[in-house]
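So the chains spell out like this:
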Amino acid sequence: MSLDIKNIYKIFGEGTSETKVLNGIDFTVNQGEFIIIKGASGSGKTTLLTILGGLLSQSSGEILYNGKPMYSDLNHAAKMRLHEIGFIFQSSHLIPYLNVAEQLITIGVEAGMDKKEAKNRAETLLSSIGLSHRLNAYPSMLSGGEKQRVAIMRAFMNQPKIILADEPTASLDATRATEVVEMIDSKVKQSGLIGIMITHDKRLFSYADKVIELDEGKVIQAQ
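Residues numbered from 1 in each chain as written. Predicted model: local features only at pLDDT ≥ 70, side-chain atom pairs only at ≥ 80, totals over all residues. Heavy atoms only, no water.

1. Some words on the packing of helix α5 (residues 144–156) against helix α6 (residues 174–191)
Note the threshold: In this analysis an axis means a line fitted to C-alpha atoms, helices contributing only their contacting stretch, and an angle means the value between N-to-C directions, from 0 to 180 degrees. Helix and strand definitions follow DSSP, with helices as H or I runs of at least four residues and strands as E runs of at least two, each counted in order from the N terminus. An angle counts as roughly parallel when it lies under 35 degrees, as roughly antiparallel when it exceeds 145, as roughly perpendicular when it falls between 65 and 115, and as oblique in every other case. Crossing handedness: left-handed means the near helix sits turned counterclockwise from the far one by under a right angle, and right-handed means the same turn made clockwise. Contacts between residues were defined by any pair of non-hydrogen atoms, one from each residue, lying within 4.5 Å. Under the scheme applied here, ten amino acids are nonpolar (Ala, Val, Leu, Ile, Met, Phe, Trp, Tyr, Cys and Pro), four are charged (Asp, Glu, Lys and Arg), and all others, including Gly, are polar.
Where α5 contacts α6, the two axes come as close as 11 Å, and the packing angle between them is 10 degrees. The angle between α5 and α6 falls in the class roughly parallel. In this structure, α5 meets α6 at a crossing whose hand is right-handed. On α6, the residues touching Gly145, Gln148, Arg149, Ile152, Met153 and Phe156 of α5 are Arg176, Val180, Met183, Ile184 and Lys187. Residue composition of the contact of α5 with α6, by class: six nonpolar, two polar and three charged.

And the structure:
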């Protein structure tokens, strides 16, 4: 399993208002690899991640998943997001009127599981991160770290092959940030996934198999 990003350009606007946000991005992520993307504000990181998640289309270039176009049409893109991709955002974006278990069960049912299967998977995932005692708690009852751990397990609920994380530790202290990244990296390795995370926190770079730096829409360093 591999994700090949080939010569990706993204241009917003046209004519005199044209802005080139991505300028020929190339790299490959293989199964079981956890990649970190870094770069200054405005370097194109979030735009790239949004394109990889099928929420925005590139102006030119290719994204190949196992050697085939990742998003051949809008319907295919929707299916990929539902079944193959897990998103983790900077904010947990938990639904306020759903308890912790329901946050995950809803995703499982949408992905095609029956409710019993979804409930069992949700309880297993939440137990694995020490939240089995919070299954019936609502977001307003959780700490910031607990909310983000729920959001991470929600991203794994649909048994994705690709995990995309946009600065998921930005609102956490150093200890919680480390726990979150260890958790993502462990899941990627154990399940043979593809993991791509944006972060500017240098303390977390050591968890990555590769750190890719963007500047003005270009890859200027990959190590």
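2. A look at the pairing of strand β8 (residues 194–198)
Cut-off, in case you're wondering: Burial status follows relative accessibility: with a 1.4 Å probe on protein chains alone, a residue under 20% of its type maximum counts as buried, one over 50% as exposed, and anything between as partly exposed. If DSSP finds at least two bridges between two strands, the strands pair. With the strands aimed away from the viewer, a crossover counts as right-handed if its path from the first strand over the helix to the second runs clockwise.
Across the five residues of β8, five count as buried, placing the element largely inside the fold. A two-sided burial pattern is seen for β8, the buried positions comprising Ile194, Ile196 and Ile198 on one face and Gly195 and Met197 on the other. Pairing of strand β7 (residues 162–166) with β8 involves five bridges; the strand directions are parallel. Its bridge partner lying in β8, isoleucine 162 is registered against isoleucine 194. Assessed by its sense of winding, the connection that carries the chain from β7 through α6 to β8 is right-handed.

3. Re the pairing of β7
For β7, the buried fraction is high: five of the five residues fall into the buried class. Bridge count between strand β6 (residues 85–88) and β7: four bridges; the pairing is parallel. Looking across to β7, one finds that isoleucine 88 is bridged to alanine 165.

4. Here's the deal with the environment of isoleucine 129
Within the secondary structure, isoleucine 129 is located in the loop between α4 (115–128) and α5. Considered as a pair, isoleucine 129 and isoleucine 152 are 23 residues apart in the sequence and their alpha carbons are 9.8 Å apart. If near-sequence neighbours (up to four positions away) are discounted, isoleucine 129 is found in contact with Arg149, Val150, Met153 and Met183.

5. Some words on the sheet that holds strand β3 (residues 34–39)
Read from one edge of the open sheet, six strands run β6-β7-β8-β3-β9-β10, paired in mixed fashion. For this open sheet the edge positions go to β6 and β10 (218–222), each flanked by a neighbour on one side alone. Neighbour-to-neighbour, the strand axes of the sheet open up by a mean angle of 20 degrees, direction not taken into account. Against the sheet, α5 engages β6 and β7, with an angle of about 165 degrees to β6. Relative to the sheet, α6 contacts β3, β6, β7 and β8, its axis offset from that of β3 by approximately 140 degrees.

6. Looking at the pattern of salt bridges
The condition is simple: Between Lys or Arg on one side and Asp or Glu on the other, a salt bridge is scored when a side-chain nitrogen of the former is within 4 Å of a carboxyl oxygen of the latter.
In total, this model carries seven salt bridges according to the counting rule given. Taking the shortest distance from any N to any O, the salt bridge between lysine 119 and glutamate 123 comes out at 2.7 Å. Placement of the pair is lysine 119 and glutamate 123 together in helix α4, with a separation of four residues, close to one helical turn. For arginine 176, the salt bridge identified is with glutamate 179, shortest N-O distance 2.9 Å. Pair noted here: arginine 176 and glutamate 179 are both in helix α6, with a separation of three residues, about one helical turn. Each of Asp185, Lys189 and Asp209 takes part in one network of salt bridges that share partners.

7. Concerning the sheet that holds strand β4 (residues 60–65)
Ordered by their spatial adjacency, four strands build an open sheet running β2-β1-β4-β5, and the pairing between neighbours is antiparallel. This sheet does not close on itself; its edge strands, each paired only once, are β2 (19–30) and β5 (68–69). Summarising the sheet, strand β1 (residues 2–12) and β4 pair through five bridges and their orientation is antiparallel. Bridge assignment links isoleucine 5 to a residue of β4, and that residue is isoleucine 63. This element, helix α1 (residues 45–52), spans β1, β2 and β4 of the sheet and lies at about 60 degrees to β2.

8. Let's talk about the environment of histidine 200
Operational definition: In protein, a polar contact means a hydrogen-donor-capable atom and an acceptor-capable atom, both N or O and within 3.5 Å, with residues adjacent in sequence counting only if both atoms are side-chain atoms; elsewhere, any N or O pair within 3.5 Å suffices.
Take histidine 200: it is sitting in the loop between β8 and β9 (210–215). Among the residues examined, histidine 200 registers a relative accessible area of 55% and is labelled exposed. Expressed as a C-alpha distance, the spacing of histidine 200 and glycine 42, which sit 158 residues apart in the sequence, is 13 Å. Those residues in contact with histidine 200, other than ones at most four positions away along the chain, are Glu167 and Phe205. For histidine 200, the side chain forms a polar contact with the side chain of glutamate 167, separated by 3.0 Å.

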